[in-house]
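Structure assessment
These are the residues of each chain, in order.
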Amino acid sequence: SHLAMYVQGEHIGEEENSAWVWEATGVGVGEIPFGDAKAIKEEFLTRIVNPGAGNIATRALLWPDEETHQDAVVRFRAHRSLAKGKPYEPNKVEMLNAVFPWLGPKLFGLSEDDLAGFFCWECVAAAWQAMGLLPEDRKPNTYPVTEFLGDTPLLRGVVLGPLERLQ
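Per chain, the residues get numbers from 1 upward, laid out in the order the sequence is written. It should be noted that, the model being predicted, local features are given only for residues of pLDDT at least 70 and side-chain atom pairs only at 80 or more, the latter also being counted only at that level, while totals for whole chains, interfaces and linings use all residues. Values shown for side chains rest on all heavy atoms present in the structure; no hydrogens or waters enter the calculation.

By the criteria applied, helices consist of DSSP H or I runs no shorter than four residues and strands consist of E runs no shorter than two, each listed in order from the N terminus. For the protein, the count of helices and strands is five helices and seven strands. Taken from N to C terminus, the helices and strands of the protein fall in the order β-β-β-α-β-β-α-α-α-α-β-β. Working definition: with a 1.4 Å probe on protein chains only, accessible area under 20% of the residue-type maximum means buried, over 50% means exposed, and in between means partly exposed. For the protein, with 167 residues in total, the buried portion stands at 40%. Sequence separation of at least 24 residues holds for 57% of the intrachain contacts in the protein that already meet a minimum separation of 6. Per-residue accessibility takes into account occlusion by the displayed protein chains alone, with areas from the Shrake-Rupley method and a 1.4 Å probe. A total accessible area of about 9,300 Å² is found for the protein, and carbon and sulfur atoms account for 58% of it. Residues count as neighbours in contact if any of their non-hydrogen atoms are within 4.5 Å of one another.

Right under this line is the structure:
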């Protein structure tokens with residue numbers, strides 16, 4: 001029901017031991033900082049997620065080489081500066097089109113994705129597109145949360161690691 005992206009500081013040119021979660025919530029797009037990258041999983045569970053609210057899992061991006069990884073980092077930095085502070089997506093038709101792709105367009109028509117606001121999965125999909133990991137010919141709002149649980153094919157030789165349950 002929610003999707004966010006965990007980022008360690010050294011991967012984006014910030015303090016090596018810093019960590020944060022990049023996500024879209026009801027208050028908008030941005031990062032939630034954490035004090036120590038080593039404790040983020042436990043801290044995330046206690047600070048952000050309502051205990052007992054459901055299952056939580058992570059998946060790592062597995063990079064084919066350091067050059068690809070560093071290029072994606074540069075691209076993410078640029079995307080971050082453009083997307084930070086954008087509002088949560090107000091257009092519920094976009095959510096219906098993503099959650100029910102076989103039904104939403106028939107009932108409501110195709111929703112244009114202007115990227116003025118983001119749903120949680122749309123925030124991550126847009127970041128991954130900016131990083132060159134997802135095709136740019138597909139709108140970010142058409143990637144539902146469930147697609148990130150499966151074997152979403154990524155570009156540039158990057159693959160998603162196995163699901164690692166936290167709770």
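Next up on the list: the pattern of salt bridges. A side-chain nitrogen of Lys or Arg and a carboxyl oxygen of Asp or Glu constitute a salt bridge if their distance falls within 4 Å. All chains considered together, the criterion is met by three salt bridges. Two residues, Arg75 and Asp71, come together in a salt bridge whose shortest N-O distance is 2.9 Å. With Arg75 and Asp71 both in helix H2 (residues 66-83) and four residues apart, the pair spans about one turn of that helix. According to the relative accessible area criterion, Arg75 is partly exposed, its value standing at 33%. With a relative accessible area of 28%, Asp71 lands in the partly exposed category. Measuring nitrogen to oxygen at the nearest pair gives 2.5 Å for the salt bridge that ties Arg156 to Asp71. Here Arg156, found in the loop between helix H5 (120-130) and strand S6 (159-160), pairs with Asp71, found in helix H2; they are 85 residues apart in sequence, far enough to count as distant. When its relative accessible area of 30% is taken as the criterion, Arg156 is described as partly exposed. One connected set of salt bridges, linked through shared partners, spans Asp71, Arg75 and Arg156.

Our focus in this paragraph is the packing of H2 against H5. Each packed pair of helices is defined by two parameters, the angle between the axes and the distance between the axes. Axes, fitted as lines to C-alpha atoms, cover a helix only where it is in contact. Angles between the N-to-C directions of the axes lie from 0 to 180 degrees. In the contact formed by H2 and H5, the axes pass within 8 Å of each other and the chain directions differ by 130 degrees. Our classification of the angle between H2 and H5 gives oblique. Seen along the crossing, H2 lies across H5 with a hand that is right-handed. Of H5, the residues touching H2 (which contributes Arg75, Phe76 and His79) are Cys123, Ala126, Ala127 and Ala130. Class assignment for the residues of the contact of H2 with H5 results in five nonpolar, one polar and one charged. Any angle that is under 35 degrees is reported as roughly parallel, and any over 145 degrees as roughly antiparallel; angles of 65 to 115 degrees are reported as roughly perpendicular and all others as oblique. By convention, the crossing between two helices is left-handed when the near helix turns anticlockwise from the far helix through less than a right angle, and right-handed when the turn is clockwise. Amino acids outside the nonpolar list (Ala, Val, Leu, Ile, Met, Phe, Trp, Tyr, Cys, Pro) and the charged list (Asp, Glu, Lys, Arg) are all regarded as polar, and Gly is one of them.

Topologically, Ala130 is positioned in helix H5. Ala130 sits 54 residues away from Phe76 along the chain, and the two C-alpha atoms are 6.3 Å apart. Residues contacting Ala130, with those up to four places away along its chain left out, are Arg75 and His79.

Here the focus is the packing of aromatic side chains. Side-chain rings of Phe, Tyr and Trp (the six-membered ring for Trp) are treated as a pair once their centres are within 6.5 Å; stacked means planes under 30 degrees apart, edge-to-face means over 60, and tilted covers the remaining angles. For the structure on display, the rule yields five aromatic pairs. Here the aromatic rings of Tyr88 and Phe119 are separated by 5.5 Å at their centres, their planes lie at 85 degrees, and the arrangement is edge-to-face. Remark: Phe119 occurs in the loop between helix H4 (104-108) and H5 and Tyr88 occurs in the loop between H2 and helix H3 (92-99); sequence separation between them is 31 residues. A relative accessible area of 0% places Phe119 in the buried class. With a centroid separation of 5.3 Å and 70 degrees between ring planes, the pair formed by Trp128 and Phe148 is classed as edge-to-face. Of the two residues, Trp128 sits in helix H5 while Phe148 sits in the loop between H5 and S6, which places them 20 residues apart along the sequence. Taking relative accessible area as the criterion, Trp128 reaches 7% and is therefore assigned buried. In this structure an aromatic cluster arises from ring pairing among Tyr88, Phe119 and Trp121.

Here Ala126 shows up in helix H5. C-alpha separation for the pair Ala126 and Ala83, spaced 43 residues apart in sequence, amounts to 9.1 Å.

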